[in-house]
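Coordinate analysis (summary)
Here's the letter readout for the chains.
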Amino acid sequence: MKNQYIIIVAGGKGSRMKSDIPKQFIEINGEPIMIKTIKKFLFYFSEIKIIVVVHKDYFNLLETLIQNAKINSQNIEITRGGDTRFDSVKNGLKLIKDNEAIVGIHDAARPFVSVNTIKSCYETAAKKGNAIPCLSIHESLRQVIENKNQIANRDAFKIIQTPQCFLVSKIKKAFNQAYQPVFTDDASVLETTGEKINLVEGNVENIKITSPFDLVIAKAILENEQ
Ligand code: CTP
Ligand code: MG
């Protein structure tokens, strides 16, 4: 069995949420989003090695929240975030020395990832070198080209979530390149090195809490989870 790491990226400002504190620290039914996310990974595997990436101004707050949450913090390390998500991931990867391990990279703002999704990602990545969770699209899609638009085949597209899991040696090598604006996730960084990306099924509740409306949905998901 390979060692398992999870990098939880929580270094963003949450500007679209327009709240006083970064969105990952907002409480839903009395518990910060951040803590819910950490708990999910401990629930999947109590000995997983957790690296949380946060802006230096929130180091102390995060430490306090972890202490108050009464979770096993023995395997939790905290490191500094960067200006972009890419930089934050890169800082997290620097702490991992075991090139044969599997590392997941997960948005702190996705507290509703299921244990099943996490399990599929790590298992497939252990077999095939990488795995990322996805969902099919139920809406109709149109593609905008200049000032016209045309029907698009929705079966040709997938919605991509996190955790995205990788063999450490391969994702570290991929993150040695310079940042490009097309890198909206970690699989897109790996793909530029010529690796084929493996899709596994995600879960519908695994939303990325982004705008105030997502907090309304988050409360409903939480009630359904309990
Ligand atoms: N993130 C990070 N470091 C950054 C930017 C983002 O670790 N410099 C993290 C966020 O904290 C979040 C995840 O990456 O958990 C996904 O990013 P996003 O949802 O875009 O969060 P923010 O960048 O914080 O939000 P916004 O884009 O609205 O400012
Ligand atoms: Mg952002």
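Bear in mind that the values here come from a model prediction, so they are computed numbers and not experimental data.

What counts, and at which threshold
- Residues numbered from 1 in each chain as written.
- Chains lettered and ligands numbered in written order.
- Predicted model: local features only at pLDDT ≥ 70, side-chain atom pairs only at ≥ 80, totals over all residues.
- Heavy atoms only, no water.
- Phe/Tyr/Trp six-rings, centres within 6.5 Å; stacked < 30°, edge-to-face > 60°.
- Helix = DSSP H or I, 4+ residues; strand = E, 2+ residues; numbered from the N terminus.
- Buried < 20%, exposed > 50% of the residue type's maximum accessible area, 1.4 Å probe, protein only.
- Lys NZ or Arg CZ within 6 Å of the ring centre and 35° of its normal.
- Expected span 1.5 Å × (residues − 1).
- Contact = heavy atoms within 4.5 Å.
- Near = heavy atom within 4 Å.
- Polar contact = N/O pair within 3.5 Å; in protein donor to acceptor, adjacent residues only side chain to side chain.
- Areas by Shrake-Rupley, 256 points an atom, 1.4 Å probe, with all protein chains shown as cover.
- Pairing = 2+ DSSP bridges.

1. Some remarks on the packing of aromatic side chains
- Under the defined criterion, the tally for this structure stands at seven aromatic pairs.
- With a centroid separation of 5.2 Å and an interplanar angle of 20 degrees, the aromatic rings of Phe25 and Tyr58 are classed as stacked. Of this pair, Phe25 sits in the loop between β1 (4-10) and β2 (27-28) while Tyr58 sits in the loop between β4 (49-54) and α2 (59-68), and the two are 33 residues apart along the sequence.
- On the basis of relative accessibility, which here comes to 22%, the residue Tyr58 falls in the partly exposed class.
- A ring pair is formed by Tyr179 and Phe183, whose centres lie 6.3 Å apart and whose planes are at 75 degrees; its orientation type is edge-to-face.
- Here Tyr179 falls in the partly exposed class, since its relative accessible area comes to 41%.
- Here Phe183 falls in the buried class, since its relative accessible area comes to 8%.
- These aromatic residues form a ring-pair network of at least three members: Phe86, Phe175, Tyr179 and Phe183.
- Across from the ring centre of Tyr5, 5.8 Å away, lies the NZ or CZ of Lys49, which sits over that ring.

2. Details of helix α4 (residues 115-128)
- Here α4 spans 20 Å end to end across 14 residues, near enough to the 20 Å set by a 1.5 Å rise per residue.
- By the burial criterion, the buried members of α4 are Thr117, Ile118, Cys121, Tyr122, Thr124 and Ala125.
- Residues of α4 that are buried in the fold lie against β1, α1 (33-44), β6 (102-107), β7 (130-135), β11 (164-167) and β12 (199-201).
- Phi turns positive one or two residues past the end of α4, at Gly129, with a value near 100 degrees.

3. A short note on the site of ligand 1
- Inspection of the region around ligand 1 gives 19 residues, with Gly11, Ser15, Arg16, Ser88 and Lys208 positioned closest.
- Within the side chain of Lys23, an N or O atom sits 2.8 Å from an oxygen atom of ligand 1.
- When ligand 1 sits alone it has 560 Å² of accessible area, and the protein chains cover 88% of it.
- Elements with a minimum of two residues in the shell around ligand 1: β1 and α3 (85-93).

4. Considerations on the environment of Ser88
- In this fold, Ser88 is placed in helix α3.
- For Ser88, the contacting residues outside a window of four places in its chain are Val9, Gly11, Val53, Gly81 and Gly82.

5. Quick notes on the pairing of β1
- Along β1, seven of the seven residues are buried, which leaves the element largely enclosed by surrounding structure.
- Alternating residues of β1 divide into Gln4, Ile6, Ile8 and Ala10 and Tyr5, Ile7 and Val9, and every residue in both groups is buried.
- When β1 meets β6, the two strands line up parallel, connected through six bridges. Residue pairing in the sheet places Val9 in a bridge with Asp107 of β6.
- In terms of strand pairing, β1 meets β4 through six bridges, oriented parallel. Within the sheet, the bridge partner assigned to Ile6 lies in β4 and is Ile50.

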